[in-house]
Amino acid sequence: MDMVGRFKLLVLPGDGIGPEVMGEVWRIIDWLEKRRGLQLEISEGRVGGAAIDADGVPLTDGTMAQALSVDAVLLGAVGGPKWDRLPFAQKPERGLLRLRKEMALFANLRPAIVFEALVDASPLKSDIIRGLDLMIVRELTGGVYFGEPRGIETLADGSRRGINTQVYTTEEIRRIARVAFELAAKRQRRVCSAEKSNVMESGVLWREEVQWVHDQEFPDIELTHMYADNCAMQLVRNPGQFDVIVTDNLFGDILSDEAAMLTGSLGMLPSASLGAPAADGRRRALYEPVHGSAPDIAGKGIANPLAVILSLAMCLRYSFDRGAEALLIETAVRQVLDGGMRTADLMQPGRARVSTRVMGESILRALDKAGG
Ligand code: NAD
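Residues numbered from 1 in each chain as written. Predicted model: local features only at pLDDT ≥ 70, side-chain atom pairs only at ≥ 80, totals over all residues. Heavy atoms only, no water.

Asker: Could you clarify how one ought to interpret the sheet that holds strand E10 (residues 244–247) in this entry?
Answerer: The strands making up a sheet associate through backbone hydrogen bonding, with each pair oriented either parallel or antiparallel. As summarised here, the arrangement of the ten strands in space is E2-E1-E3-E12-E11-E4-E5-E10-E8-E9, forming an open sheet in which the pairing is mixed. In the strand order of this sheet, the two ends are held by strand E2 (40–44) and strand E9 (222–227), each with one partner. Across the sheet, the mean angle separating the axes of adjacent strands is 20° when strand polarity is ignored. Direction of pairing for strand E5 (residues 133–139) relative to E10: parallel, over a ladder of four bridges. Paired with Met135 across the bridge in E10 is Val244. Where helix H6 (residues 170–185) meets the sheet, it contacts strand E4 (107–113), E5, strand E8 (190–195), E9, E10, strand E11 (270–277) and strand E12 (283–289), and its direction lies at approximately 165° from that of E5. Docked against the sheet, helix H10 (residues 306–318) engages strand E1 (7–14), strand E3 (72–77), E4, E5, E11 and E12, running at close to 165° with respect to E12. (Pairing = 2+ DSSP bridges. Helix = DSSP H or I, 4+ residues; strand = E, 2+ residues; numbered from the N terminus. Axes fitted to C-alpha atoms, helices over the stretch in contact; angles between N-to-C directions. Contact = heavy atoms within 4.5 Å.)

Right under this line is the structure:
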């Protein structure tokens, strides 16, 4: 927050459709400032290919420092064919990875919500996914993707052995569990913890520590435990049983993509990544759509802006304490979809195909009606 109590937001539109969809976010922020008294101190920066072209690196130290000083970062998308040939260390994606690493974002939040109007976009039967609203909380900075020892070694007989190590500490598990319980407290008050305690010691520890956090700090939230393979199955069999699922880095990688597919529409999926709370209880936070820079449609004005608009809603709820405004946006999205508006990616027979801009305008009109 700044001296007069305004939240600080850094906007990084990025590449491809990033700036196009972010254009609609700017208009919604403007609406929130004028009509709902939201006061923000906003700065804008470059990330990814845009930063490579202008600054020679995918994220400058200055932008990184800014990201560390604000209450939240809202990012569009990075990458594109123009920068594909660069060495790995110089690619646009490095900018995003640097943000995640230096902001120490250990909790990845991926909601999977099925809007009634898009129930047919899911590959699953409508009666299975109707009304779906679940949240996957994935541990993002530990586990088998980072554990040591790791590598590929050559054995005495000339064959090779690949090694990765699944490792979690008490504190790593407790802090992600707390994020899940805190979220559940604002939702349907149910957490399901997924691990493989039947075959992994790290899974036994995971289960015990999540249970400990529950018993000591959140006894009023319902906690269940599930093996991760069963959880994968239950997600397609009966996803409505879940409210918040908390799981490790590897299982979360897989389960969150599976949950995303339940909704069937990439252009609709927001996400948040959160860091540790500071002394004042606030967490570093990065909000971004799940989709990439969609170079195949960039510049055509047809991208779906709803994933980044819903990312803004998450930012309002989790970083700016503006749950009412978050709900307003989510309700506006629902109403516009119910009214038959579709960007090309969501197109169904008998619906009105609209551009990025018209979709943004329709959301503004729905906001006017609901909360003006
Ligand atoms: P993508 O998500 O960009 O696109 C996949 C498909 O979905 C494309 O056909 C695209 O047109 C469509 N699509 C995605 N978002 C859409 C939207 N909002 N509206 C309408 N259609 C949409 O994934 P990709 O094609 O694998 O990757 C393209 C580039 O994006 C690559 O350079 C990749 O590295 C990068 N990428 C970035 C991120 C990120 O910034 N977080 C994530 C994934 C991919």
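Once you've had a look at it, read on.
Asker: Got a minute to help me understand the packing of helix H1 (residues 18–36) against H10 in this structure?
Answerer: Working note: a packed helix pair is described by the angle between its axes plus the distance between those axes. Remark: H1 packs on H10, axes separated minimally by 9 Å, with the N-to-C direction vectors making an angle of 40°. Taken together, the axis directions place H1 and H10 in an arrangement best described as oblique. In terms of crossing hand, the pair formed by H1 and H10 is right-handed. Counting all contacts with H1, which are made through Val21, Met22, Glu24, Val25, Ile28, Ile29 and Leu32, the residues of H10 involved are Val308, Ile309, Leu312 and Leu316. Per-class residue counts for the contact of H1 with H10 are ten nonpolar, no polar and one charged. (Parallel < 35°, antiparallel > 145°, perpendicular 65-115°, else oblique. Left-handed = near helix turned anticlockwise from the far one by under 90°. Nonpolar A, V, L, I, M, F, W, Y, C, P; charged D, E, K, R; others polar.)

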